[in-house]
Amino acid sequence: MTDPTPAPPAPRPVRLLVVDDDPLVRAGLTLMLGGADDIDIVGEGADGSEVAELVDRLRPDVILMDIRMPVMDGLTATEAVRSRPDAPEIVVLTTFHADEQVLRAIRAGAAGFVLKDTPPAQIVDSVRRVAAGDPVLSPAITRQLMARAAGSGHEERAGRAERARQRIALLADREREVAVAVGQGRSNAEIGAALYLSVATVKTQVSRILAKFDFNNRVQIALLVHDAGLLDDDGDTGLS
């Protein structure tokens, strides 16, 4: 009798770095997240100025990053970290649903954000999702962020719109359709159903768009589509 096939090894826990200037917040997050079997808190930071050294030394998969810190804020730290090769994913911590600073963090490559008063289970789930490559932004929150982007000055909007249209013009027709559907907040399965594509093909198209623009996540695609004026007021283009 042959030995049974050995079970596959358990996936490696997500290596998480927590960065917040409030020691009580850090302690609470560490206590909350440390109870998850699949999350390993590898370190803590009290300011954005510490992040580069911590990333070099600890090699986290995900950083949970506060926005407002005294010496170097989380936005500057996010921009610096995400410009590096093999950068960890970043989830920003905020007290606002659609803060201009959150918009800047998303443009810099943050994978999403969570509110500081988010229930513990949802924060744990957010870390897991980001580690798996899924941005932590619902379509409703994405629309709020895009509305905030639309609220900037006329000249700034006009310049951003022209740059976005030039970039969209680089896409093939199918890539453009997929990009618009991402901007509508549709899942891969919903995009596939609307465009008569397999989910695997949709994933390939999304990956091509991300690579073409050197984007980090789908939210950046959504913002580009919005800036280019390809969504109407309801976030829909009539794609069916």
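Before reading on, note that the structure itself is shown above.
Residues numbered from 1 in each chain as written. Predicted model: local features only at pLDDT ≥ 70, side-chain atom pairs only at ≥ 80, totals over all residues. Heavy atoms only, no water.

A word on the nonpolar core
Link 1 in the chain: The biggest cluster of nonpolar side chains holds 25 residues, and the ones touching the most others in it are Val19, Val51, Ile63, Met65 and Val92.
Link 2 in the chain: Put simply, the parts of the chain that give this core at least two residues each are strand 1 (14-19), helix 2 (51-58), strand 3 (62-66), helix 3 (74-82), strand 4 (89-94), helix 4 (100-108), strand 5 (112-115) and helix 11 (218-227).
Link 3 in the chain: Residues contacting Val51, with those up to four places away along its chain left out, are Val19, Ile63, Met65, Ala77 and Val81.
Link 4 in the chain: Counting residues in hydrophobic clusters, the runner-up holds 23 residues, among them Ile191, Val202, Ala228 and Leu231. (Core = buried A, V, L, I, M, F, W, Y, C linked by side-chain atoms within 4.5 Å. Buried < 20%, exposed > 50% of the residue type's maximum accessible area, 1.4 Å probe, protein only. Helix = DSSP H or I, 4+ residues; strand = E, 2+ residues; numbered from the N terminus. Contact = heavy atoms within 4.5 Å.)

A closer look at the packing of helix 1 (residues 23-34) against helix 5 (residues 120-131)
Link 1 in the chain: Close contact between helix 1 and helix 5 brings their axes to 10 Å; oriented N to C, the two are set at 75°. Classified by the angle between their axes, helix 1 and helix 5 sit roughly perpendicular to one another. Contacts between helix 1 and helix 5 involve Leu29, Met32 and Leu33 from the former and Pro120, Ile123, Val124 and Val127 from the latter.
Link 2 in the chain: Class assignment of the residues belonging to the contact of helix 1 with helix 5 gives a composition of seven nonpolar, no polar and no charged. (Axes fitted to C-alpha atoms, helices over the stretch in contact; angles between N-to-C directions. Parallel < 35°, antiparallel > 145°, perpendicular 65-115°, else oblique. Nonpolar A, V, L, I, M, F, W, Y, C, P; charged D, E, K, R; others polar.)

Quick notes on the environment of Leu54
Link 1 in the chain: As for its position among the elements, Leu54 is in helix 2.
Link 2 in the chain: For Leu54, a relative accessible area of 5% puts it in the buried group.
Link 3 in the chain: Each C-alpha atom of the pair Leu54 and Glu44 lies 8.3 Å from the other, and the pair is 10 residues apart in sequence.
Link 4 in the chain: Other than its neighbours up to four places away in sequence, Leu54 contacts Leu17, Glu44, Gly45, Arg59 and Pro60.

Comments concerning the pattern of salt bridges
Opposite charge on two side chains makes pairing possible when the charged atoms of those side chains draw close.
Link 1 in the chain: Applying the stated criterion across every chain yields a total of 12 salt bridges.
Link 2 in the chain: Arg165 is the salt-bridge partner of Glu162, the closest N and O atoms lying 3.3 Å from each other. Of this pair, Glu162 and Arg165 both sit in helix 7 (residues 154-168), three residues apart, which is roughly one turn of the helix.
Link 3 in the chain: On the basis of relative accessible area, Glu162 is assigned to the partly exposed category, the value being 38%.
Link 4 in the chain: A salt bridge links Glu175 to Lys212, with the nearest nitrogen and oxygen atoms 3.0 Å apart. Pair noted here: Glu175 is in helix 8 (residues 173-183) and Lys212 is in helix 10 (residues 199-213), with a separation of 37 residues, a long-range link.
Link 5 in the chain: Taking relative accessible area as the criterion, Lys212 reaches 40% and is therefore assigned partly exposed.
Link 6 in the chain: Taken together, the salt bridges that share partners define one network made up of Asp20, Asp66 and Lys116. (Salt bridge = Lys/Arg side-chain N within 4 Å of Asp/Glu carboxyl O.)

Considerations on the packing of helix 3 against helix 4
Link 1 in the chain: Running from N to C, helix 3 and helix 4 cross one another at 5°; their axes reach a closest spacing of 9 Å. Taken together, the axes of helix 3 and helix 4 are roughly parallel relative to one another. On the side of helix 3, the interface is formed by Leu75, Thr76, Thr78, Glu79 and Arg82, while helix 4 contributes Gln101, Arg104, Ala105 and Ala108.
Link 2 in the chain: Partitioning the contact of helix 3 with helix 4 into residue classes produces three nonpolar, three polar and three charged.

So, the packing of aromatic side chains
Link 1 in the chain: Tallied over the entire structure, the rule returns one aromatic pair.
Link 2 in the chain: Between the aromatic rings of Phe213 and Phe215, the centroid separation amounts to 5.5 Å while the plane-to-plane angle is 45°, which identifies the pairing as tilted. The pair formed by Phe213 and Phe215 is uniform in burial state, with each residue classed as buried. (Phe/Tyr/Trp six-rings, centres within 6.5 Å; stacked < 30°, edge-to-face > 60°.)

A few points about the environment of Asp37
Link 1 in the chain: The residue Asp37 is located in the loop between helix 1 and strand 2 (39-45) in this model.
Link 2 in the chain: In sequence terms Asp37 and Val14 are 23 residues apart; their C-alpha atoms lie 9.4 Å from each other.

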